[in-house]
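Coordinate analysis (summary)
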Number of protein chains: 2
Amino acid sequence: MTYCVGICLQQGLVVLADTRTNAGLDNIATFRKLHVFEQPGEKLFALATAGNLAFTQSILAVLREGFETAEGTRTLLDQPTMFRAAQFIGEVVRHAYQSEGIAIEQAGTSLDFTMLFGGQIKNQAMKLYLMYRAGNFIEATPDTPYLQIGEHKYGKPILDRAVTYEMDLNDALKVALISMDSTIRSNLGVGMPLDFIMLRRDAMAFDLKTRIEPGEPYFHDLRERWSAALRRAHMDIPAPPYGRQGS
Amino acid sequence: MTYCVGICLQQGLVVLADTRTNAGLDNIATFRKLHVFEQPGEKLFALATAGNLAFTQSILAVLREGFETAEGTRTLLDQPTMFRAAQFIGEVVRHAYQSEGIAIEQAGTSLDFTMLFGGQIKNQAMKLYLMYRAGNFIEATPDTPYLQIGEHKYGKPILDRAVTYEMDLNDALKVALISMDSTIRSNLGVGMPLDFIMLRRDAMAFDLKTRIEPGEPYFHDLRERWSAALRRAHMDIPAPPYGRQGS
């Protein structure tokens, strides 16, 4: 299992991912799911993956090493726009599906597979996409500035309530961490450490590219405070007034 | 879709259910999912259902009208203990699956099906069970005093944090309503009005058997307060301290 969330705001982009992979409950490991592709000052991409690990690793390798196109071998960083980059990833995914995906499915392994792809190319618009197994994708907009992949339900209520396009970027990171905390608490398949990037619009350098290890003081404190605040919040709500009403 | 939650505590039992049914997104209706079986002063049962509506209605009818057993026709209220009552429901479910369920599945309709069954028989222990399609069931315990069916993920974080076996029963109803609110906000397939029962241990009469209609002032106020509290809670958490750390 996996949980990744991306938030694309007026001020910039945050992408947060967990690192737990599991084949069943008895085979748990830590693998990075948030990957950075960077041409300093020119192109800054973040790619978060959910789904079959062998399949995603193979796609990542092709995106870095190059994919045979009509114009020759091209990498993800060769793409001229965010949209073209997303299309390129889609092509690579479809190709990998033909060459490996079908065999994986025939072996009885499910190939649920989604990705978050976001970033900015110099002098172009910042983008955040959610990509599907067929290589198709949707784009985050000011109306719905966040996208999730993997185990998305536990962490969605706080995003629904707290995320607005105009909010502060640091605040968005905080909300993403709360959303991750809710997911970690409720699903054993999502776990620490956490990786995230923060990218301010037009800064053309990652503000942050950080791993949060278990026991890291800020995240630990956030979890405690959030739990305490939820307890207080529900205790502050008056008791239900429904008296004995018979049937 | 459906969301129902049952909480079985030292003080008693709360069961809360929504009423929205949908066949696709374009065929939405309101049907009661929380059903009461009552022999005043003797037997008090609540049964909440999630899954195919025709199938659940057929099971409910048999539980009321009677099921042919080796000892003759028996209804749910004929059963002498909560455990025997749950076994009886299981038998009825398995029988319905043979007579209708297989045909429903052959017609290409999924038959996900779960129930919450709780209550008390005079001078016996109060019980809450989660029942599956095979007629098997698990029982809530002081360690995990709540059980959910249907769209359970959005509303689980608050239950995980707030429910304890020793908590006040009115407070448990409040927490169940908050859990329902999170689910309604995030899933269109779960909607008002809401039905709930509250049963105090050994009282042998329902404290409450109530429907909450849209716009009902307490639930409306609870939703507003909870939203405001969540916003305040995340704003009260200090901003992340992760400075510009390069790579």
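Details of the structure are given in the entry above.
Reading guide: rules and limits
Residues numbered from 1 in each chain as written. Chains lettered and ligands numbered in written order. Predicted model: local features only at pLDDT ≥ 70, side-chain atom pairs only at ≥ 80, totals over all residues. Heavy atoms only, no water. Least-squares fit on C-alpha atoms with pLDDT ≥ 70 in both. Pairing = 2+ DSSP bridges. Helix = DSSP H or I, 4+ residues; strand = E, 2+ residues; numbered from the N terminus. Axes fitted to C-alpha atoms, helices over the stretch in contact; angles between N-to-C directions. Contact = heavy atoms within 4.5 Å. Parallel < 35°, antiparallel > 145°, perpendicular 65-115°, else oblique. Left-handed = near helix turned anticlockwise from the far one by under 90°. Nonpolar A, V, L, I, M, F, W, Y, C, P; charged D, E, K, R; others polar. Buried area = accessible area lost by both parts, 1.4 Å probe. Salt bridge = Lys/Arg side-chain N within 4 Å of Asp/Glu carboxyl O. Polar contact = N/O pair within 3.5 Å; in protein donor to acceptor, adjacent residues only side chain to side chain. Buried < 20%, exposed > 50% of the residue type's maximum accessible area, 1.4 Å probe, protein only. Phe/Tyr/Trp six-rings, centres within 6.5 Å; stacked < 30°, edge-to-face > 60°.

This part is about the relation of the copies chain A and chain B. In screw terms, the move from chain A to chain B is a rotation of 180 degrees and a rise of 0.0 Å along the axis, fitting with an RMSD of 0.0 Å. Taken together, the rotation and translation relating the two chain copies correspond to the operation of a two-fold axis. Within chain A, the C-alpha atom positioned nearest to the axis of rotation is that of Y154 of chain A, 2.4 Å from it.

To summarise the sheet geometry, strands pair through backbone hydrogen bonds and adopt either a parallel or an antiparallel arrangement. Residues and elements named next belong to chain A. Taken in spatial order, the five strands line up as β12-β1-β2-β13-β14 in an open sheet, and their pairing is antiparallel. The open sheet terminates on both sides in strands that have one partner only, identified here as β12 (146–150) and β14 (206–212). Sheet twist, expressed as the average angle between the axes of neighbouring strands with direction ignored, equals 10 degrees. In this sheet, strand β13 (residues 194–200) lies alongside strand β2 (residues 12–17) in antiparallel orientation, the contact comprising six bridges. Pairing of A17 across the sheet is with D195, part of β13. Running over the sheet, helix α4 (residues 169–186) touches β1 (3–8), β2, β13 and β14 and is turned about 160 degrees from β13.

A few words on the packing of helix α5 (residues 217–236) of chain A against helix α5 (residues 217–236) of chain B. Remark: α5 of chain A packs on α5 of chain B, axes separated minimally by 9 Å, with the N-to-C direction vectors making an angle of 155 degrees. Relative to α5 of chain B, α5 of chain A is oriented roughly antiparallel. Pair α5 of chain A / α5 of chain B crosses with right-handed handedness. Contacts between α5 of chain A and α5 of chain B involve R225, W226, A229, L230, A233, H234 and D236 of chain A from the first element and R225, W226, A229, L230, A233, H234 and D236 of chain B from the second. Class assignment for the residues of the contact of α5 of chain A with α5 of chain B results in eight nonpolar, two polar and four charged.

Take the interface of chain A and chain B next. Facing the 54 residues of chain A at the interface are 54 residues of chain B. Interface area for chain A against chain B, summed over the two sides, is near 4700 Å², with a carbon-plus-sulfur share of 59%. Applying the counting criterion to the chain A and chain B interface returns four salt bridges. With its nearest N and O atoms 2.8 Å apart, the salt bridge here joins R161 of chain A to D181 of chain B. For the pair chain A and chain B, the interface holds 16 residue pairs in polar contact (both at pLDDT 80 or more). Listing elements by their share of the side of chain A that touches chain B, those giving two or more residues are α3 (156–162), α4, β14 and α5 of chain A. When grouped by side-chain class, the residues that make up the side of chain A that touches chain B number 27 nonpolar, 11 polar and 16 charged.

Further remarks concern unusual backbone geometry. Across the chain, the bulk of peptide bonds are trans and the bulk of non-glycine residues have phi less than zero. All names here are of chain A. Cis geometry marks the peptide bond from M192 to P193; its omega dihedral reads -10 degrees. Mapped onto the fold, P193 is located in the loop between α4 and β13. With phi around 65 degrees, N123 is a residue other than glycine that occupies positive phi space. Note on placement: N123 falls in the loop between β9 (113–121) and β10 (127–131). For N123, a relative accessible area of 75% corresponds to the exposed category.

To describe a pair of aromatic rings, you give the distance between the ring centres and the angle between the ring planes. Residue and element names in this part refer to chain A. A full pass over the atoms with the stated rule returns 16 aromatic pairs over all chains. Measuring from ring centre to ring centre gives 5.7 Å for F83 and F137, while their planes differ by 65 degrees; the resulting arrangement is edge-to-face. Here F83 is found in helix α2 (residues 82–106), whereas its partner F137 is found in strand β11 (residues 137–139), with 54 residues between them in sequence. Of the residues examined, F83 reaches a relative accessible area of 43% and is grouped as partly exposed. Their ring planes at 15 degrees and their centres at 6.4 Å tell us that F117 and Y129 sit as a pair that is stacked. Placement of the pair is F117 in strand β9 and Y129 in strand β10, with a sequence separation of 12 residues. An aromatic cluster is built from F45, F83, F117, Y129 and F137, whose rings are joined through pairwise contacts.

Residues and elements named next belong to chain A. The strand order across the open sheet built from five strands is β5-β6-β9-β10-β11, with neighbouring strands paired in antiparallel fashion. Here the strands that pair on one side only, and so sit at the sheet edges, are β5 (34–39) and β11. Pairwise comparison of adjacent strand axes, ignoring direction, gives a mean angle of 20 degrees for this sheet. Of the pairings in the sheet, the one linking β5 to strand β6 (residues 43–51) comprises six bridges and is antiparallel in character. When the sheet's bridge partners are listed, H35 is paired in β6 with L47.

The quantities given are spatial measurements derived from coordinates; they are silent on function.
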